[in-house]
Amino acid sequence: MSNHIVINADLTKGTISKHIYGHFAEHLGRCIYGGIWVGEDSDIPNTNGIRNDVLEALKGLSIPNLRWPGGCFADEYHWKDGIGPREGRKRMVNTHWGGVVENNHFGTHEFMKLCELLGTEPYVNGNVGSGTVQEMSEWVEYMTFDGESPMADLRRANGQEQPWRLKFFGVGNENWGCGGNMRPEYYADLYRRYQTYVRNYGDNKIYRIAGGPNIDDYRWTEVLMREAGRMMDGLSLHYYTIPGSWEEKQSALDFNESQWFETMKKALHIDELITKHSAIMDQYDPQKRVALIVDEWGTWFLVEPGTNPGFLYQQNTMRDALVAGLSLNVFNAHCDRVRMANIAQTVNVLQSVILTEGDKMALTPTYHVFEMYKVHQDAELLELSNSSAAYEMNGQTLDQISATASRGQDGKLNISLCNVSHEAAAEITIELRGLKDAQASASGRVLHAADIHAHNTVDAPNAVAPVALEGIRFENGILRATLPAASVAVLSIG
Ligand code: AHR
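Presented here is an overview of the structure given in this document. All values derive from a computational prediction rather than experimental measurement.

Moving on to the site of the ligand. Close to the ligand lie 13 residues, the nearest being E26, C72, E174, Y240 and E296. Between Q345 and the ligand, the recorded distance is 3.0 Å, taken from a side-chain N or O atom to an oxygen atom. Considered on its own, the ligand offers 280 Å² of accessible surface; in the complex 94% of this is hidden by protein. Residue classes in the shell around the ligand are distributed as 7 nonpolar, 3 polar and 3 charged.

Quick look at the structure:
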């Protein structure tokens, strides 16, 4: 069966916020320590303690925002432990993640420096689970107050004269679980209270994000929107793609075709979750003022053999690339409500874009998807209808092709395409309606590999990398392209 896509190039459906392409870096395993922060005295080339190779790689993604310090770590983090001279900072136990010593060398100043070097918006997640209202309020004052005040003066004493600009602030994380095991009614009240003291100082206007539901906990969304919706700018949603089950996770590298199919199906489940959570939000917020913020998503597999189970270090194959491409296409399609998302996590944890070993680094297939898809950041979503061939296995069916079309601020039309079939190439025809220049030229890049298990390592970093997609052509006004099995492509027109 054929794959036919119709794009109405003159019908836009809203802006795809660049913040959908956000990232998340937690004090977990080797994400911050080793992956991002090596310290100023390290032999690994660094800028103010942040490793240069990772910095340069991340710059290549035009990361719009970076969430920190957690995750579960956020609700145990006491920000005052992470300021002042590093040698004097408190050494604590990271109880959630491996029980290792956290020396607090990477704190507020270091995170803000990282964001400055990346040109990205900081998204700071505050502590509701084990922190006080005063502690949260003082952190915001420390970061953003310009005048004379105890916290602004402390910031200056620690070497930062000017306040930082801070837009995104999360009021707790997973408060139904590691963030305090709360009931939604209780958290809704706490949210109302804590956010009251998350002040806007000067012209720094904070975008307040409430801790939202886990997966399909629709009651959580209902209660939060009903009790506190008018006091928030965003409500988070966490969903991980976990083939097998939470209790019996599977290998990142060693999987069969059935497990590939199951992973695609589970990745696409985010569409249903967003649709249903959005429908609840619509009842309380028909204007869609409050955004749904998918600030944790991605694959979750077993850790690599021999690594600390608490470090969540997993490899990343073409399967992860497809999960990334599918998920981003879903977020793009829901850009009226989903205005931010953060893949978990940036380096060495879960579905990372970068893996490091000592002074070496590899970009994962997921990295390449983010790099190819960055054309969608702040682009106009175009109306698209997709008549896809079926991808069938074990009596179940998925669309073989997933797609997004958008028009960038440079006027170019970009189409991201995923072929989820592990074995069949896809002949695709694309009818471009409403295109001013019917003779426009088209080019494309594709990410694929002969083996669906293909991945990059620090010793073989280029096993998976995008290449030019050959054979794209216009015939009688129809754009034709062939996508290899298990591939992600982006076509550019104009
Ligand atoms: O990303 C890893 C963990 O997953 C985060 O700390 C937590 O919020 C979620 O359960």
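With that out of the way, let us pick up the side chain of D320. For D320, the position within the fold is in helix α8 (residues 318-333). Notably, D320 is buried but unbridged: the nearest opposite-charge side chain belongs to R319, and the N-O separation is 5.2 Å. Side-chain polar atoms of D320 contact the side chain of T299, separated by 2.7 Å. Once residues within four sequence positions are removed from consideration, D320 is found in contact with T299, F301, Q314, Q315, Q351 and T366.

In this description, an aromatic ring pair is defined by two values, namely the gap between the centres and the angle between the planes. Using the criterion set out here, one finds 22 aromatic pairs in the structure. Here the aromatic rings of W68 and F111 are separated by 4.5 Å at their centres, their planes lie at 15°, and the arrangement is stacked. You can see W68 sitting in strand β5 (residues 65-68) and its partner F111 sitting in helix α2 (residues 108-118), a full 43 residues away along the chain. Overall, the relative accessible area of 0% leaves W68 in the buried class. Its relative accessible area of 1% is what places F111 among the buried residues. With a centroid separation of 4.8 Å and 70° between ring planes, the pair formed by W246 and W300 is classed as edge-to-face. With W246 in the loop between β11 (234-241) and α7 (257-284) and W300 in the loop between β12 (291-299) and α8, this pair connects stretches of sequence that are 54 residues apart. Its relative accessible area of 48% is what places W246 among the partly exposed residues. What links up through ring pairs into an aromatic cluster is the set W37, W68, F73, Y77, W79, F106, F111, W139, Y142 and F169. Over the ring of Y313 we find R30, and its NZ or CZ is 5.0 Å from the ring centre.

The peptide bond linking W68 to P69 adopts the cis configuration, its omega dihedral lying at 5°. In this fold, P69 is placed in the loop between β5 and β6 (92-94). A344 connects to Q345 through a cis peptide bond whose omega is -10°. Considering the arrangement of structural elements, one finds Q345 in the loop between β13 (338-344) and β14 (354-357). We note that N181 has phi near 50°; this positive angle belongs to a residue other than glycine. Tracing the sequence through the fold places N181 in the loop between β9 (168-171) and α5 (184-196). You will see that L312, though not glycine, has its phi angle at about 50°, which is positive. A relative accessible area of 8% places L312 in the buried class.

Thresholds, definitions, all that
Residues numbered from 1 in each chain as written. Predicted model: local features only at pLDDT ≥ 70, side-chain atom pairs only at ≥ 80, totals over all residues. Heavy atoms only, no water. Near = heavy atom within 4 Å. Polar contact = N/O pair within 3.5 Å; in protein donor to acceptor, adjacent residues only side chain to side chain. Areas by Shrake-Rupley, 256 points an atom, 1.4 Å probe, with all protein chains shown as cover. Nonpolar A, V, L, I, M, F, W, Y, C, P; charged D, E, K, R; others polar. Helix = DSSP H or I, 4+ residues; strand = E, 2+ residues; numbered from the N terminus. Buried < 20%, exposed > 50% of the residue type's maximum accessible area, 1.4 Å probe, protein only. Lys, Arg positive; Asp, Glu negative; His and termini not counted. Salt bridge = Lys/Arg side-chain N within 4 Å of Asp/Glu carboxyl O. Contact = heavy atoms within 4.5 Å. Phe/Tyr/Trp six-rings, centres within 6.5 Å; stacked < 30°, edge-to-face > 60°. Lys NZ or Arg CZ within 6 Å of the ring centre and 35° of its normal.

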